[in-house]
Amino acid sequence: MADSLYANAVIGEASLRNDPRGSEFAIAVALAFYVTGCVLVVTTGPTFGALHAFAAFVVLTAVGALNQLLPVLTHAPNARGGIVPVIASGFAAGFILLVAGFYGAPSFAAAAVVLATSATLWVAWSIVRLASGREEGRTRALLAIALAAFFTAGGIGAAMAGQLGGMWRLSFLGIAPVHAMLAIGGFAGMLVITISYRFVPMFAIAHADGYGRWGAAWAAALGILVAAVSFAGSAIGARIGLATIVLAFLAIGAQHLKTLSSRLRARLDVSLQYGRVAWLFGIAAATAAFVGTWFPALFPPAIVLAILGWLSITILGYAYKIVGFLTWQSAKARLPAARLPALGSAVDLPLAYGALILMAIGAPAAAALMPFASRFAQMGFDLYAVGGIAAVVAIARLAARYLFTSEGERGTEIEHRATR
Amino acid sequence: MEPKSSIVQLDNRGLSPPEPMMRILAALENLGAEGVLVAKMDREPIFLFAELHDRGYTYTCNPDDSGGYLLEVTRR
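Being a predicted model, the structure only gives us computed values, none of them experimental.

**Here's the deal with the overall build of chain A**
- A tally of helices and strands in chain A yields 13 helices and zero strands.
- Going from the N terminus to the C terminus, chain A shows its helices and strands as α-α-α-α-α-α-α-α-α-α-α-α-α.
- At 21 Å, chain A has a C-alpha radius of gyration in line with the 22 Å of a compact globule built from 420 residues.
- Dimensions of chain A along its principal axes, counting C-alpha atoms only, are 65 × 45 × 45 Å.
- Here chain A holds 420 residues, and the buried ones make up 56% of them.
- Long-range pairs, those at least 24 residues apart, make up 79% of the contacts in chain A with a sequence separation of at least 6.
- Accessible area of chain A: about 15800 Å², with a carbon and sulfur share of 71%.
- The average position of the 26 basic charges and that of the 14 acidic charges among the side chains of chain A differ by 4 Å.

**A look at the packing of helix H2 (residues 48–74) of chain A against helix H10 (residues 299–334) of chain A**
All names here are of chain A.
- Packing of H2 against H10 brings their axes to within 11 Å, and their N-to-C directions diverge by 35°. Note that H2 runs across H10; the crossing there is left-handed. Here Leu51, Phe54, Phe57, Val58, Thr61, Ala65 and Gln68 of H2 lie close against H10, whose contacting residues are Ile303, Ile307, Leu308, Ser312, Ile315, Leu316, Ile322, Phe325 and Leu326.

**Topic: helix H1 (residues 19–29) of chain B**
- Those residues of H1(B) that fall on the buried side of the exposure criterion are Pro20(B), Met21(B), Met22(B), Ile24(B), Leu25(B), Ala27(B) and Leu28(B).
- Turning to H1(B), the residues buried within the fold contact helix H6 (176–204) of chain A together with strand E1 (7–11), strand E2 (36–41), helix H2 (49–54), strand E3 (57–63) and strand E4 (69–75) of chain B.

**Digging into the packing of aromatic side chains**
All names here are of chain A.
- Taken as a whole and judged by the stated rule, the model has 23 aromatic pairs over all chains.
- Taking the centre distance of 6.1 Å and the plane angle of 90° together, the rings of tryptophan 122 and phenylalanine 187 count as edge-to-face. Of the two residues, tryptophan 122 is situated in helix H4 (residues 108–132) and phenylalanine 187 in helix H6; the sequence distance between them amounts to 65 residues.
- By relative accessible area, phenylalanine 187 is classed as buried at 3%.
- Taking the centre distance of 4.5 Å and the plane angle of 15° together, the rings of tyrosine 197 and tyrosine 211 count as stacked. Separated by 14 residues along the polypeptide, tyrosine 197 in helix H6 and tyrosine 211 in the loop between H6 and helix H7 (215–230) bring together distant segments of the chain.
- Judged by its relative accessible area of 0%, tyrosine 197 is buried.
- Look at tyrosine 211 and you get buried, because its relative accessible area is 2%.
- Three or more aromatic residues joined by ring pairs form one cluster here, namely Phe91, Trp122, Phe150 and Phe187.

**Section: unusual backbone geometry**
Residue and element names in this part refer to chain A.
- Positive phi is not limited to glycine here, since isoleucine 205 has a value of about 55°.
- Mapping isoleucine 205 onto the fold places it in the loop between H6 and H7.
- On the basis of relative accessible area, isoleucine 205 is assigned to the buried category, the value being 0%.
- Even without glycine at this site, tryptophan 214 takes up a positive phi of about 65°.
- In this structure, tryptophan 214 sits in the loop between H6 and H7.

**Section: the confidence of the model for chain A**
All names here are of chain A.
- Mean pLDDT over chain A stands at 89; residues scoring 70 or higher make up 92%.
- Residue range residues 1–16 is modelled with pLDDT below 50. Its contacts to residues more than four positions away, or to other chains, number 59 contacts.
- Below pLDDT 50 for its whole length, residues 410–420 participates in 38 contacts with residues either more than four positions away or in separate chains.

**Side note on the pairing of E1(B)**
Residue and element names in this part refer to chain B.
- In the sheet, E1 pairs with E2 via five bridges, with the strands oriented parallel. Note on E2: the bridge partner recorded for glutamine 9 is valine 38.
- The handedness of the E1 to E2 crossover, carried by H1, is right-handed.

**Some details on a nonpolar patch on the surface**
- Taken together, the side chains of Val113(A), Met167(A), Trp168(A) and Leu170(A) make up a nonpolar region of the molecular surface, amounting to roughly 380 Å² of accessible area.
- Looking at the secondary structure, you find Trp168(A) in the loop between helix H5 (137–164) and H6.

**Quick look at the sheet that holds E4(B)**
Residues and elements named next belong to chain B.
- Across the sheet, four strands lie side by side as E1-E2-E4-E3; this open sheet has mixed pairing. What marks the edges here is a single partner per strand, and that holds for E1 and E3. Each adjacent strand pair in this sheet contributes to an overall mean axis angle of 15°, direction not counted.
- Judged from the seven bridges that link them, E3 and E4 form a sheet pairing that is antiparallel. In the strand pairing of E4, threonine 60 is matched with glutamate 72.
- Each of E1, E2, E3 and E4 touches H1; the most contacted strand, E2, lies at about 170° to it.

**Points about the environment of Leu403(A)**
Residues and elements named next belong to chain A.
- Within the secondary structure, leucine 403 sits in helix H13 (residues 374–403).
- Of the residues examined, leucine 403 reaches a relative accessible area of 36% and is grouped as partly exposed.
- In this structure the C-alpha to C-alpha distance between leucine 403 and tryptophan 328, which are 75 residues apart in sequence, comes to 7.7 Å.
- In this structure leucine 403 touches Thr327, Ser330 and Arg334, once residues within four positions along its chain are discounted.

**Overview of the side chain of Asp64(B)**
Residue and element names in this part refer to chain B.
- Locating aspartate 64 in the fold gives a position in the loop between E3 and E4.
- What makes aspartate 64 buried here is its relative accessible area of 14%.
- A polar contact of 2.8 Å, which involves the side chain of aspartate 64, links it to the side chain of serine 66.

**Some words on the side chain of Thr61(A)**
All names here are of chain A.
- Checked against the element boundaries, threonine 61 lands in helix H2.
- According to the relative accessible area criterion, threonine 61 is buried, its value standing at 10%.
- With sequence-adjacent residues up to four places away left out, threonine 61 is seen in contact with Ala30 and Ile315.

Cut-off values and rules
Residues numbered from 1 in each chain as written. Chains lettered and ligands numbered in written order. Predicted model: local features only at pLDDT ≥ 70, side-chain atom pairs only at ≥ 80, totals over all residues. Heavy atoms only, no water. Helix = DSSP H or I, 4+ residues; strand = E, 2+ residues; numbered from the N terminus. Rg over C-alpha atoms; globule rule 2.2 N^0.38 Å. Buried < 20%, exposed > 50% of the residue type's maximum accessible area, 1.4 Å probe, protein only. Contact = heavy atoms within 4.5 Å. Areas by Shrake-Rupley, 256 points an atom, 1.4 Å probe, with all protein chains shown as cover. Lys, Arg positive; Asp, Glu negative; His and termini not counted. Charge placed at Lys NZ, Arg CZ, Asp CG, Glu CD. Axes fitted to C-alpha atoms, helices over the stretch in contact; angles between N-to-C directions. Left-handed = near helix turned anticlockwise from the far one by under 90°. Phe/Tyr/Trp six-rings, centres within 6.5 Å; stacked < 30°, edge-to-face > 60°. pLDDT = per-residue confidence, 0-100. Pairing = 2+ DSSP bridges. Right-handed = clockwise from strand over helix to strand, strands pointing away. Patch = residues over 30% accessible without salt bridge, like charges linked within 9 Å, V, L, I, M, F, W, Y side chains within 5 Å. Salt bridge = Lys/Arg side-chain N within 4 Å of Asp/Glu carboxyl O. Polar contact = N/O pair within 3.5 Å; in protein donor to acceptor, adjacent residues only side chain to side chain.

Below is the structure:
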């Protein structure tokens, strides 16, 4: 049953569950990095250190989420317990060293070694798992592209960190834009695009007919590759690549809107609301980068829109489902007879939507004001950070709702009775 | 005349998500006030539960003998 929708399997079938403790650990550490990034962007501004704290958030979320999703999406073998925490710990240590290096610590060389090792292990392990999967050829191919982009971006990043740490005299800093394009677009972007093709129909309860043969996703991948390669020296190539990305993102957005319009779910849930806002940021980021090929001052705002808006808001939105699912399963395993609140009822919606509003105002304000008035741009970053931390608090409250469920509790009028 | 308490049965095993959830919601459209929907599932449809609540239904979902789950939905 190639390319059939298996994403929903993430919500059940115990035999396919995949080291949930490992995923929980990776995602918890990822959220800690996100909060760290928010604190750093408030206290020190939008520095490379803050930027790479957010990068750690994206990478560690990917480690946890892919560990959970790969077996159920592709029927790849389950992971042995312990592998994910080891990989996640390596990334966490590497990113701490890297962020510390950007703030003056003599840790770039160690960061380069630890991150390169972690990236190599994770990518190799994940590619083997993708190759052993039996379902979802398109999903596996696009995820393989994302992992290849991550490996290349990580290699360039390690080379730059090694240079900053005095490991070699060769200069790699000139290809930092290639690193950024591959990391943000090739890895994180393609990961979000691929997963969204599965999550949006599932969360909306809608058919996935509107996605066709995923041509828009392939176009996005091609555009990212062309733009990344061209950033090494061809402005025309960069424009062609970025224009392709803009058009592909518009097409993907239209496809998601078509899917949402045919949904059976009465109201869009919190994950889809976050996703809808995030996709506007994705289109804005790609457009800013495209225009930035004429006006380079727009590249930093494009990065802000991509990381703080598109990627972070998408991931935080999906985290309400992923964290909710993992902790729901954990509570159910611990207390089989407990009455658990349904997932949608356990989210603190005023807090979650309040956080989204702050992020949706703060990120574009910061991006728009960056080229002109850094003091006012900082206010946008501050607003965003408050919203981002509030979103993490909402996710933590959701997790606590299940993790601290007691046997006799009646959380809502919705009952879930597991009799054995 | 509609039976006072009709039972609608669905076998959603082997279907790719979100097809099981869509079939359940479509069947509920035609479920009488006293009706019961019983669905055999491969997995617990935990993302469906809040939707059922919003639409005024209550449910139980328990493991069955085949290794799957049996979902029963009634109007509150």
